[in-house]
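# Examining the three-dimensional arrangement
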Amino acid sequence: MENLDPNKLPKHIAIIMDGNGRWAQEQGQDRLFGHYEGVISVRKVVEAATEIGIQYLTLYAFSTENWDRPEPEVNGLMSLFVDTIAKEVPDLHKNNIQLHFIGNLALLPEDAQKALEAGMQQTAQNTGLNLIIALSYSSRWELTEAAKKIALQVQSGQLTIDKINEATLSKNLTTSDFPDPELMIRTSGEYRISNFLLYQLAYAELYFTNTLWPDFRKKDLVEALLDYQSRERRFGKTTQQIKSH
Ligand code: IPE
Ligand code: IPE
Ligand code: MG
């Protein structure tokens, strides 16, 4: 951690927490056991992000497509969300963490919706790490919703078509309150985005690791950050332009 340059930290890290099922199966356990262990990794990574001074951390916990998993796994995950939120919110609050949820939350069972609502309300005034959990989230769903919202604003006369720009789109996404992630991490050796923050990741540095999510710890986060700090972010410009800046 001493090797990290405090002046070159990303403000926002997004993580696709993948590999819980395989981790469990490797030890002859049920997939749900992997999800339970994954919660420990979430706790460790949230602690590490706070300690390092990251301002925004988005965690992909459940995708729109994950609703199509076998019912016992989906139900198990839903109870795990409710229990985890209830259990963790007091500590998050103590650590000045503000909790947010993005996704099609209306699809969640009522007790889960209540737990999320309570967690957000309780931590709403906090000023430390913004912890954003993507639940029942997919980027295509979010972009479709944004298109509908913008169309409604045009229809009602609040907005004219010539005023629509990139900022209009950003403002109508579920992430409108957060800057775009500079670093996206995916665990478990899969090299794909799986419908996560497609618009927001336009210029993110992508980092892939074979580590399965239940094994992911602070040292893995630090490794990803060191890798991030070694990259040259050019945003379409040339190296020379970047260096002379
Ligand atoms: C990620 O782990 C957690 C969720 C998608 C809910 P997986 O459950 O996808 O684990 P693998 O990829 O099958 O190993
Ligand atoms: C992505 O993982 C979603 C989450 C981590 C919540 P998946 O395991 O669902 O993704 P695919 O199916 O391998 O693309
Ligand atoms: Mg997976």
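About the criteria used
- Residues numbered from 1 in each chain as written.
- Chains lettered and ligands numbered in written order.
- Predicted model: local features only at pLDDT ≥ 70, side-chain atom pairs only at ≥ 80, totals over all residues.
- Heavy atoms only, no water.
- 1 Å grid on protein atoms, 1.4 Å probe; cavity = no way out; pocket = protein on both sides within 12 Å on 5 of 7 lines; lining within 4 Å.
- Points joined across faces, edges and corners; volume = space filled by probe spheres on them.
- Helix = DSSP H or I, 4+ residues; strand = E, 2+ residues; numbered from the N terminus.
- Nonpolar A, V, L, I, M, F, W, Y, C, P; charged D, E, K, R; others polar.
- Pairing = 2+ DSSP bridges.
- Axes fitted to C-alpha atoms, helices over the stretch in contact; angles between N-to-C directions.
- Contact = heavy atoms within 4.5 Å.

Here the largest pocket is characterised by a volume of approximately 950 Å³. Along its surface, the largest pocket is lined by 43 residues, and Met17, Val42, Tyr60, Ala61 and Phe81 are the ones closest to its centre. Of all the secondary-structure elements, those providing two or more residues to the lining of the largest pocket are α1 (20-26), α2 (31-52), β2 (56-63), α3 (71-94), β3 (98-102) and β4 (130-137). Broken down by element, the lining of the largest pocket gets its largest block of residues, nine residues, from α2. Here the residues of the lining of the largest pocket are counted per class, giving 21 nonpolar, 11 polar and 11 charged. Approximately 180 Å³ is the volume found for the second largest pocket. Taken together, Arg231, Glu232, Arg233, Arg234, Phe235, Lys237, Gln241, Ile242 and His245 make up the full set of residues lining the second largest pocket. Within the lining of the second largest pocket, the residues separate by chemical class into two nonpolar, two polar and five charged.

Inspection of every chain in the model, using the stated rule, returns one cavity of 30 Å³ or more. Each pocket or cavity is described by its volume, and for the largest cavity that value is around 40 Å³. Lining of the largest cavity is provided by His12, Thr58, Ile102, Thr175, Phe178, Pro179, Asp180, Pro181, Leu197 and Gln200. The residue inventory of the lining of the largest cavity, partitioned by class, reads five nonpolar, four polar and one charged.

Attention now moves to the sheet that holds β3. Across the sheet, which stays open at both edges, the six strands sit in the order β3-β4-β2-β1-β5-β6 with parallel pairing between neighbours. Both edges of this open sheet fall to β3 and β6 (205-208), since each of them pairs with a single strand only. Adjacent strand axes in the sheet meet at a mean angle of 20° when their direction is disregarded. Of the strand pairs in this sheet, strand β1 (residues 12-16) and β2 are connected by five bridges, and their pairing is parallel. Along β2, the bridge assignment pairs isoleucine 15 with leucine 59. Its contacts with the sheet place α3 against β2, β3 and β4, and it is angled at close to 155° to β2.

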